[in-house]
Structure formats: structure tokens, C-alpha cells
Amino acid sequence: MRTPLAASLVILLATSSATIANEGGSMPSTAPSISAPDFDAAAEYRAGVDSLKGSRFAEAKESFGRVLEVLPSDANVNFLAGMADTGLNDLKSAAKHYERAVRSNGKLVVAQRELAITYVKLGNREKAQSTLEKLQKLDQACAGTCEDAQKLKDAIAAIQTALASPSQASLQTDPPLLFASAAAGDHAYLDAVSLIHEGRYARAIASLERARASFGAHPDILTYLGFANRKLHRYDIAESYYREALAAAPEHKGATEYYGELMVERGNLVGAKAMLARLDRICTFGCAEADELRQWIKDKRAPAS
């Protein structure tokens, strides 16, 4: 049974493969794979979201826990795991998940909000005040012009209310609009692929993050996040996404190829050859991904900026 994202990939294969193939090394050589790993982290993530929406907090906790075994630092998953704990009234565990979410993504406003209010509920006003001050700094930098402007103002107001009246502090237990429907995630993914074709990598990353909020750790999304960041010369960030993609789907051909290409760009031919050997094991009868990476290693070339 195809996920909504996989259904979109069928459209991509029909409409975009020629464009991608003609771009050579400067663009993805193929559309992302629709094959699923033995453990489908994206499907488990959606199951967790559905359970959370249905107030089945124990089921949600179990689903998010399985995803975190694969991707322990994922900000979205930690945030939602915290919400599941909140629904179970396990505030200490919720705080730990919110803390991990914030460490991974300090700009995840909803996680900052829930963390601060959880601190209030636990009687730790000092940490709640510190979290509030971080949000206030983000709000000052935003100056009412950033995408999260209203979220920042709402979060600051909620925390201030909680600090003023701890007994009335309100925690959320249902996913906010950040975690949109599968259809919205599908749209964001298709938008991101089009933006990558146009070389608009920063905007593509924003769309991919929206898709990730819907689908979780889908290896195709993580692979494209790695690719877009790599094109912006954010090599460490790109590497982290490739590693996450391979953690979610160890035999993902696209992630393996692009990680190998990144290694070539960084002069790590030993690592690139290891990725090629991995592809050769995956592709018993050969595949385009292995052929492309083999050529990269042979040429020791880097793509044009």
C-alpha cells in the first residue's frame, strides 16, 4: 500500500525524470526511491500522529518511541513524544523529550512553549523563565516579519500567563497546525522537488521541512534535505541528513549515492569507495546510482557551484 508521498513519487517519475537525468552531477540523477525499509519510520511516525490526534496517548508514545530508536535526535519526533507523555500526565518524561527537541532545533517554537509550561507545572520557574527569554530574543530578531511571528507572540503570551498563574497553565495534547495532513505534506514535497530543479535550495529546504512534519523520517525527504544543504555548501548539515536517511532506510540507494558524492567533494575517497561498495551490494545487477558514484570517484570531480 503506497503512502501519500509514494503516490506523489509516481507523478514525479512520469513528469520529472527526464529533467533530473539531464542535469548530471549537479542535480539528483534519479527521483527518490519508493522502496520502504524493513522498519518504516515514516509509517510509524504517521501512526503516532494519528494516535495522538485520537488521544490514544499510550499508542502514540509507543510509536514515537520506536522512531526515536532509529532517530533519537529528531526534533519533531521528540516534540510529539513529549506531547504523548503530557497526555499520560508523565511531565518529567515530557520535559526530557521537549528538551531534546529544543536542543535539536532551537527555533521549534511549539516545543519551546510546551517545555516552558511543563517546567511551570513541575515547579521549576527558573527554567521556565529562561525558556521564555529565549523566545523573547527570537521574537526581537523576528520583529514581526518572520514566518513564525504569530507563533512566537502566542507562545510568549501563554508562558507569561502560566508563570503568573501556574494552576491555570495549559499544556497541549493534540498536534498543532505544524503537523499537517498527509495531503499537505504531499504538496510541500512536490513543491520542494520543483524548487530543487530550479536551484532554489533555501526555499526547497523550507518546503521539505513542512513535508517532514507530515511524514516524519521519510528517507526520500531526508535525502533531499541533504542534497539541498549540500548545494548550499552546508556540508556538515548535509552529512547529518544523509546519515539520518540511511538510519531510517539502510539500503536507500539515493542517500547512499549522494553521501558518497559528498565524500568525493570533501576529498574522502576512502569513504566514497565504501559507499560505492555498499551500492554494489544493494544493486545486485547494477544501478544508475552506483554508476554515477563510480564516475564521480573516477573523475574526482566536484559539481559546479
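Quick look at the structure, then.

Definitions and cut-offs
- Residues numbered from 1 in each chain as written.
- Predicted model: local features only at pLDDT ≥ 70, side-chain atom pairs only at ≥ 80, totals over all residues.
- Heavy atoms only, no water.
- Disulfide = S-S within 2.5 Å.
- Buried < 20%, exposed > 50% of the residue type's maximum accessible area, 1.4 Å probe, protein only.
- Core = buried A, V, L, I, M, F, W, Y, C linked by side-chain atoms within 4.5 Å.
- Contact = heavy atoms within 4.5 Å.
- Axes fitted to C-alpha atoms, helices over the stretch in contact; angles between N-to-C directions.
- Helix = DSSP H or I, 4+ residues; strand = E, 2+ residues; numbered from the N terminus.
- Parallel < 35°, antiparallel > 145°, perpendicular 65-115°, else oblique.
- Nonpolar A, V, L, I, M, F, W, Y, C, P; charged D, E, K, R; others polar.
- Expected span 1.5 Å × (residues − 1).
- Arc of directions from axis to C-beta.
- 1 Å grid on protein atoms, 1.4 Å probe; cavity = no way out; pocket = protein on both sides within 12 Å on 5 of 7 lines; lining within 4 Å.
- Points joined across faces, edges and corners; volume = space filled by probe spheres on them.
- Phe/Tyr/Trp six-rings, centres within 6.5 Å; stacked < 30°, edge-to-face > 60°.

Attention now moves to the state of the cysteines. Across all of its chains, the model carries two disulfides by this definition. Paired by a disulfide, C142 and C146 hold their sulfur atoms 2.1 Å apart. Around the S-S axis, the bridge from C142 to C146 shows a dihedral of about -100° and counts as left-handed. For C146, a relative accessible area of 31% translates into the label partly exposed. Disulfide pairing places C283 opposite C287 at an S-S distance of 2.1 Å. Disulfide C283-C287: the torsion about the S-S bond is 70°, which places it as right-handed. This pair shows no difference in class: C283 is buried, exactly as C287 is. Taking only the cysteines that form disulfides and numbering them from first to last, the protein has the pattern 1-2, 3-4.

Moving on, we come to the nonpolar core. If you look at the biggest cluster of nonpolar residues, it comprises 86 residues, and the most contacted ones within it are L52, F64, F79, L80 and L208. Apart from the residues within four sequence positions on either side, F64 is in contact with Y45, G48, V49, L52, V77, L80 and A81.

Before going further, it helps to spend a moment on the packing of helix α7 (residues 109–121) against helix α9 (residues 149–164). Between α7 and α9, the least distance of the axes is 10 Å, while the angle of their chain directions is 0°. When the interaxial angle is binned, α7 and α9 end up roughly parallel. Contacts from V109, Q112, R113, A116, I117 and V120 of α7 reach α9 at K151, L152, A155, A158, I159, A162 and L163. Classifying every residue of the contact of α7 with α9 gives 10 nonpolar, one polar and two charged.

We now examine helix α8 (residues 125–142). The end-to-end C-alpha separation of α8 is 25 Å, in line with the 26 Å expected for 18 residues at 1.5 Å each. What α8 keeps buried is the set A128, T131, L132, L135, D139 and C142. In a view along the axis of α8, the buried residues occupy a sector of 105°, so they form one face of it. For α8, the exposed residues set more than 90 degrees away from the buried face come down to E126, K137, Q140 and A141. Buried residues belonging to α8 abut α7 and α9. Of the residues trailing α8, A143 is marked for its positive phi of about 55°.

Once that is clear, we can look at helix α16 (residues 288–299). Between its first and last C-alpha atoms α16 spans 16 Å; for 12 residues at 1.5 Å apiece the expected length is 16 Å, and the two agree. Burial in α16 covers these residues: E289, A290, E292, L293, W296 and I297. Looking straight down α16, one finds its buried side chains confined to an arc of 165°; they lie on one side. Residue K300 follows α16 closely and has a positive phi angle near 50°.

This brings us to the environment of A43. Assignment of secondary structure puts A43 in helix α3 (residues 41–53). Residue classification places A43 among the partly exposed positions, given a relative accessible area of 37%. Residues A43 and S63, spaced 20 residues apart in sequence, show a C-alpha to C-alpha distance of 9.4 Å.

Its identity is not glycine, yet S55 carries a phi of approximately 60°, on the positive side. On the basis of relative accessible area, S55 is assigned to the partly exposed category, the value being 46%. Here the phi dihedral of A143 falls at roughly 55°; this positive angle occurs in a residue that is not glycine.

Within this model, the largest pocket holds a volume of roughly 1200 Å³. Every residue lining the largest pocket is counted, 36 residues in all, and those nearest its centre are N105, K107, L108, D148 and E209. Among the secondary structure elements, those contributing two or more residues to the lining of the largest pocket are α5 (75–87), α7, α8, α9, α10 (182–197), α11 (201–215) and α13 (235–248). Of the residues forming the lining of the largest pocket, the biggest block, eight residues, is contributed by α11. Here the residues of the lining of the largest pocket are counted per class, giving 19 nonpolar, seven polar and 10 charged.

Attention now goes to the packing of aromatic side chains. Counted according to the given criterion, the structure contains six aromatic pairs. Aromatic side chains Y189 and Y224 sit 6.2 Å apart centroid to centroid with 50° between the ring planes, which places their arrangement in the tilted category. Taken as a pair, Y189 in helix α10 and Y224 in helix α12 (residues 219–231) lie far apart in primary sequence, 35 residues in all. By the burial criterion, Y189 is buried, and Y224 matches it. Note on Y242 and Y259: the rings are 6.0 Å apart at their centroids and 35° apart in plane angle, and the pair reads as tilted. Here Y259 lies in helix α14 (residues 253–265) and Y242 lies in helix α13, a separation of 17 residues in the sequence. Relative accessible area serves as the criterion here: at 0%, Y242 is assigned to the buried category. Y259 sits in the buried class, given a relative accessible area of 6%. Connected via pairs of aromatic rings, a cluster forms that spans Y201, F227 and Y258.

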